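# Structural overview for review
Residue strings, one per chain:
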Amino acid sequence: MKVTVTAIKADIGSIGGHIRPSKRVIERVKEYVSTEGGGLLIDSYISSTGDDIAILMTHEQGEGSDKIHKLAWDAFKEGTEVAKEQGLYGAGQDLLKSAFSGNVKGLGPAVAEMEIEERKAEPFLFFAADKTDPGAYNLPLYLSFTDPMYCSGLLLNPQLSKGFKFVVMDVEHIKGDRVIELETPEEIYSLAALLRDNQRFVVEGIYSRHDQTQAVAVSTSRLHNIAGTYTGKDDPIMLVRVQGNFAATGEVLSTFSLGHYVAGFMRGSHNGPLMPVKINSSISYFDGPPIVSCHAFSVHNGKLTEPVDAFDHPFWDYIRNNVSAKALEIRRQGFSGPAMLPYGELEYGGIVEVMKKLDKRFEIRKAK
Ligand code: F6R
Ligand code: MG
Ligand code: MG
């Protein structure tokens, strides 16, 4: 059976700063999706990660369906009303345009979706990250799908040994989608050359070279490109099909044990380590650290099982402690050097004013 899995997420307001949405807002979104989505959806699941709410849906409308996107948009609008009633912080912050225009891409919410021919057993992972941007998934994806040091399937399963096709987007390019396709293993150095720049080049999709089926879909929206100004980090979501001719669940998860440094953290303007957290986790230290959650599902005839919380295991407590240490270490140097993002990536404009004022006070020293 052909099924489309669509995940759409937005920050529509939270309690106590940019921490976590309220139960009432989440309930409202849930209620709206289940009543209005009745004839349209096969199944749905609502969750939160930091201050973001994600709506995961299965249906037969294909990718980019205006009906499905409108349902999510309207659910977020409804949720925003409750957020306003409760005086939540940043109510409706990711709904950047006032009216829906056929597709939520370019309107603020992040989208990851895949139309798939369901396998007999169809396990997949739904990742949601907060206080970071879509490039945060570059390194884990590179390692899970090209590096036998992390993905033993590349050595042990001939279907994986055929390699993968990566579709990479230049997210700095605003007029239209600028994309490139690279095949691994032949082009891994070229792929690495792009993926080292997480702010500009982002993995959008990965396909099996064994049978051309899609393994991965990542949201690639950059809110500051849409709004032209700071609106919060882009907080990316991602769908990853696993097992069989794809990487195994554990091979994908293993790459998150790195807790690699990503852009985001406080005011979307710092580097911090990405911490794998339990589902529905909130945000804390220095508006961070950047977090990622993972729901593991199986889907059959479009019906979802209950999720398993992939980072809820004693192993990840040890990782979380290490990541906390990494977060403290980089925070010790405050604003200096790599602790903060380069000028062009700072999410707040205040420093531009400071620089303008200081610029006038510089003098060229006269040679003696
Ligand atoms: C980062 C984030 C927070 C806010 C910070 C200031 O993505 O959401 O770190 O940037 O709490 O928020 P405002 O400017 O809304 O007071
Ligand atoms: Mg926010
Ligand atoms: Mg967020």
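Residues numbered from 1 in each chain as written. Chains lettered and ligands numbered in written order. Predicted model: local features only at pLDDT ≥ 70, side-chain atom pairs only at ≥ 80, totals over all residues. Heavy atoms only, no water.

Attention now moves to the coordination of the magnesium ion (ligand 2). For the magnesium ion (ligand 2), the protein coordination sphere consists of Asp11 (OD), His18 (ND1) and Asp51 (OD), at 2.0 to 2.8 Å. Coordination of the magnesium ion (ligand 2) draws on donor residues from a single chain, spaced D-x6-H-x32-D in sequence. In this structure the magnesium ion (ligand 3) is found 3.8 Å away from the magnesium ion (ligand 2), and Asp51 serves as a bridging donor for the pair. Separated by 33 residues along the polypeptide, His18 in the loop between β1 (2-10) and α1 (23-36) and Asp51 in the loop between β2 (41-49) and β3 (52-59) bring together distant segments of the chain. Since its relative accessible area comes to 1%, Asp51 is described here as buried. (Donors = N, O, S within 2.8 Å, 3.2 Å for Na, K, Ca; no water. Helix = DSSP H or I, 4+ residues; strand = E, 2+ residues; numbered from the N terminus. Buried < 20%, exposed > 50% of the residue type's maximum accessible area, 1.4 Å probe, protein only.)

What follows is about the domain arrangement of the protein chain. Here the protein chain is partitioned into domain 1 (1-117) and domain 2 (120-355). Distance between the C-alpha centres of domain 1 and domain 2: 20 Å. Across the contact, 38 residues belong to domain 1 and 41 residues belong to domain 2. Overall, the association of domain 1 and domain 2 removes approximately 3,000 Å² of surface from exposure, summing both partners, and the carbon and sulfur fraction of that is 65%. For the pair domain 1 and domain 2, the interface holds 1 salt bridge. (Domains from an automatic or database assignment. Contact = heavy atoms within 4.5 Å. Buried area = accessible area lost by both parts, 1.4 Å probe. Salt bridge = Lys/Arg side-chain N within 4 Å of Asp/Glu carboxyl O.)

Moving on: the packing of helix α3 (residues 138-146) against helix α6 (residues 188-195). Running from N to C, α3 and α6 point in directions that differ by 170°, and their axes come no closer than 10 Å. Here α3 is positioned roughly antiparallel relative to α6, judged by the angle of their axes. As α3 runs across α6, the sense of the crossing is left-handed. Residues Asn138, Tyr142 and Thr146 of α3 form the contact with α6, whose participating residues are Ile188, Leu191, Ala192 and Leu195. (Axes fitted to C-alpha atoms, helices over the stretch in contact; angles between N-to-C directions. Parallel < 35°, antiparallel > 145°, perpendicular 65-115°, else oblique. Left-handed = near helix turned anticlockwise from the far one by under 90°.)

One way to put it is that α1 packs onto helix α2 (residues 66-85) with a least axis distance of 8 Å and a crossing angle of 150°. Regarding the angle of α1 to α2, the classification is roughly antiparallel. The element α1 and its partner α2 pack so that their crossing is right-handed. Judged by residue contacts, Arg24, Val25, Arg28, Val29, Tyr32, Val33 and Glu36 of α1 engage Leu71, Asp74, Ala75, Glu78, Gly79, Val82, Ala83 and Glu85 from α2. In terms of residue class, the contact of α1 with α2 is built from 8 nonpolar, 1 polar and 6 charged. (Nonpolar A, V, L, I, M, F, W, Y, C, P; charged D, E, K, R; others polar.)

What follows concerns the side chain of Asp11. Mapping Asp11 onto the fold places it in the loop between β1 and α1. Look at Asp11: it is buried, it has no salt bridge, and the nearest opposite charge is Lys131 at 5.6 Å. For Asp11, the side chain forms a polar contact with the side chain of Gln93, separated by 3.0 Å. When near neighbours in sequence (up to four residues on either side) are disregarded, Asp11 contacts His18, Asp51, Asp52, Gly90, Gly92, Gln93 and Asp94. (Lys, Arg positive; Asp, Glu negative; His and termini not counted. Polar contact = N/O pair within 3.5 Å; in protein donor to acceptor, adjacent residues only side chain to side chain.)

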